[in-house]
Amino acid sequence: MSAVRTVLGDIRPGELGVTDAHDHLFFRSPLLPGRELADASAAQAELAAFRAAGGRSIVQWTPYGLGRRAAGLPRLSRAAGVHVVCATGLHQAAHYDEESLAGLRGGLADVFVRELTKGIGPSGVRAGLVKVAGGFHALDAHARWTMGAAAEAHHATGAPVAVHLEMGTGALDVLDLLCGELEVPPHRVILGHLNRSPDSVVQRQVAESGCYLAFDGPSRAHHATDWRMPDAVRALAEGGFGHRLLLGGDTVVSGARSVDGGPGMPYLLRRVRLRLEAELGTDLVHRILTENPGRAFAVDWT
């Protein structure tokens, strides 16, 4: 039976409800310091605000080594009454020192599989997806290494592979590698940040591959997100790809949280949902927020 793997255990896809398909409760880069997401109280308050806005589930794309705080996620999930899906995986090389990466050479796929099936460290919390990252219009050796390990983990477990596209670029190269060379089925791939490179031709080509497209940036400043999103989503939906679309907030700095004065997770439901409903109708937007995440993240776990 297909199940979504949350930090509290596996659930049926239909139990997700309204889902923020790409966000972060915690994020801390060792090499790129800034306004980190490291405050557990603020994370709990943000989850509560999301729940109050009608949200029921979030998928945290924070991967290995970036302050996931996996052991604390079950408590936050229970307290807020919000399902939380946690990621394994590895981000761009810019986030890690060479010593940390060297310790993963030769065994990265094993780390991913262990975190998906046994748990993250001693926490016992199991990841529900693998998150990796491309570069700006290119895939360097680090991206190819991590995507190779992600593909191995997928083939061993069935887990979906979510990809950070740098500024929304490189989607076709990612698909050539993951789905072509590495034989990950397209419907197991989720491409993030496509809204940051509003190329309608590429977006349609990506949709035609059979993968999921995540429009996930309203919590990020200075990206052409909100005002272009309705046109892009409408074009894809009218092209027959409404079942492949996901929405998320991608809160990655403390100032972006609603409880710290930013738009945060609730903005996805308070503003983005309403704007899309005005363009596309309530039924389609409801399916994008509820049914699509269930299909994208549900796995026949092996």
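Residues numbered from 1 in each chain as written. Predicted model: local features only at pLDDT ≥ 70, side-chain atom pairs only at ≥ 80, totals over all residues. Heavy atoms only, no water.

Examining the overall build of the chain
Move 1: Scanning the chain from terminus to terminus reveals ten helices and eleven strands.
Move 2: The C-alpha radius of gyration of the chain comes to 17 Å, within 12% of the 19 Å expected for a compact globule of 302 residues.
Move 3: Here the analysis covers contacts within the chain between residues at least 6 apart in sequence; of these, 77% occur between residues at least 24 apart.
Move 4: When the accessible surface of the chain is summed, it comes to about 11,700 Å², and 50% of that surface belongs to carbon and sulfur atoms.
Move 5: Put simply, the chain has 30 plus and 32 minus side-chain charges, and the middle of one group is 6 Å from the middle of the other. (Helix = DSSP H or I, 4+ residues; strand = E, 2+ residues; numbered from the N terminus. Rg over C-alpha atoms; globule rule 2.2 N^0.38 Å. Contact = heavy atoms within 4.5 Å. Areas by Shrake-Rupley, 256 points an atom, 1.4 Å probe, with all protein chains shown as cover. Lys, Arg positive; Asp, Glu negative; His and termini not counted. Charge placed at Lys NZ, Arg CZ, Asp CG, Glu CD.)

Details of the packing of helix H1 (residues 40-52) against helix H9 (residues 264-280)
Helix packing geometry: the angle between the two helix axes and the distance between the axes.
Move 1: Close contact between H1 and H9 brings their axes to 8 Å; oriented N to C, the two are set at 10 degrees. Viewed along their axes, H1 and H9 adopt a mutual orientation that is roughly parallel. Contact residues: Glu46, Ala49 and Phe50 in H1; Gly264, Met265, Pro266 and Leu269 in H9.
Move 2: Here the contact of H1 with H9 is composed, by residue class, of five nonpolar, one polar and one charged. (Axes fitted to C-alpha atoms, helices over the stretch in contact; angles between N-to-C directions. Parallel < 35°, antiparallel > 145°, perpendicular 65-115°, else oblique. Nonpolar A, V, L, I, M, F, W, Y, C, P; charged D, E, K, R; others polar.)

Quick look at the sheet that holds strand E4 (residues 57-60)
Move 1: In space, the three strands of this open sheet follow the order E3-E4-E5, with parallel pairing throughout. Of all the strands in the sheet, just strand E3 (19-23) and strand E5 (83-85) have a single pairing partner and so form its edges. Within this sheet the neighbouring strands show an average axis-to-axis angle of 15 degrees, counted without direction.
Move 2: Strand direction decides the pairing type here: E4 and E5, joined by three bridges, are parallel. Within E5, the position partnered with Ile58 by the bridge is Val84. (Pairing = 2+ DSSP bridges.)

Some points on the nonpolar core
Move 1: Of all hydrophobic cores here, the largest spans 79 residues; its most connected members are Leu25, Phe112, Met147, Val163, Leu191 and Phe215.
Move 2: Those residues within four positions of Leu191 in sequence are excluded, and the remaining contacts are Val163, Leu165, Ala171, Val174, Leu175, Val206, Cys211, Tyr212, Leu213 and Ala214.
Move 3: Judged by nonpolar contacts, the second largest core, of 17 residues, contains Ile11, Ala87, Leu246 and Ala298. (Core = buried A, V, L, I, M, F, W, Y, C linked by side-chain atoms within 4.5 Å. Buried < 20%, exposed > 50% of the residue type's maximum accessible area, 1.4 Å probe, protein only.)

Some thoughts on the pairing of strand E9 (residues 189-192)
Move 1: Burial along E9 is two-sided: Val189 and Leu191 facing one way and Ile190 and Gly192 facing the other are all buried.
Move 2: The pairing of strand E8 (residues 161-164) with E9 spans four bridges and is classified as parallel. Bridge assignment links His164 to a residue of E9, and that residue is Gly192.
Move 3: Each parallel crossover has a hand, and the one from E8 via helix H6 (residues 171-181) to E9 is right-handed. (Right-handed = clockwise from strand over helix to strand, strands pointing away.)

Considering the sheet that holds strand E11 (residues 245-247)
To summarise the sheet geometry, strands pair through backbone hydrogen bonds and adopt either a parallel or an antiparallel arrangement.
Move 1: Read across the open sheet, the six strands follow the order E6-E7-E8-E9-E10-E11; overall the sheet is parallel. Each edge of the sheet is formed by a strand with only one pairing partner; in this case those strands are strand E6 (87-89) and E11. This sheet shows a mean twist of 30 degrees between the axes of neighbouring strands, independent of strand direction.
Move 2: Of the strand pairs in this sheet, strand E10 (residues 212-215) and E11 are connected by three bridges, and their pairing is parallel. From the neighbouring strand, Phe215 faces E11, where its bridge partner is Leu247.
Move 3: Together, E6 and strand E7 (129-133) form the strand contacts of helix H4 (residues 108-117), whose direction differs from that of E6 by roughly 165 degrees.

Some words on the pattern of salt bridges
Oppositely charged side chains may form a pair once their charged atoms are brought near each other.
Move 1: Counted by the stated rule, this structure contains nine salt bridges.
Move 2: Here Asp10 and Arg5 are joined by a salt bridge, their closest N and O atoms 2.8 Å apart.
Move 3: We classify Asp10 as partly exposed; its relative accessible area is 36%.
Move 4: With relative accessibility at 7%, the residue Arg5 sits in the buried group.
Move 5: The partner of Asp250 in a salt bridge is Arg196, with the nearest N and O atoms 2.7 Å apart. A residue pair is termed long-range when its members are at least 10 positions apart, and Asp250 in the loop between E11 and H9 and Arg196 in the loop between E9 and helix H7 (200-209) qualify at 54 residues. With respect to class, Asp250 is no different from Arg196; both count as buried.
Move 6: Salt bridges here are not isolated pairs; linked through shared partners, they connect Arg5, Asp10 and Arg126. (Salt bridge = Lys/Arg side-chain N within 4 Å of Asp/Glu carboxyl O.)

Thoughts on the packing of H6 against H7
Move 1: With their axes 10 Å apart at the nearest point, H6 and H7 run at an angle of 20 degrees to one another. One element, H6, and the other, H7, form an angle in the roughly parallel class. For the pair H6 and H7, the sense of crossing is left-handed. Only Val202, Gln205, Val206 and Ser209 of H7 make contact with H6, whose side of the interface consists of Ala171, Leu172 and Leu175. (Left-handed = near helix turned anticlockwise from the far one by under 90°.)

These values are about where atoms sit, not about what they do.
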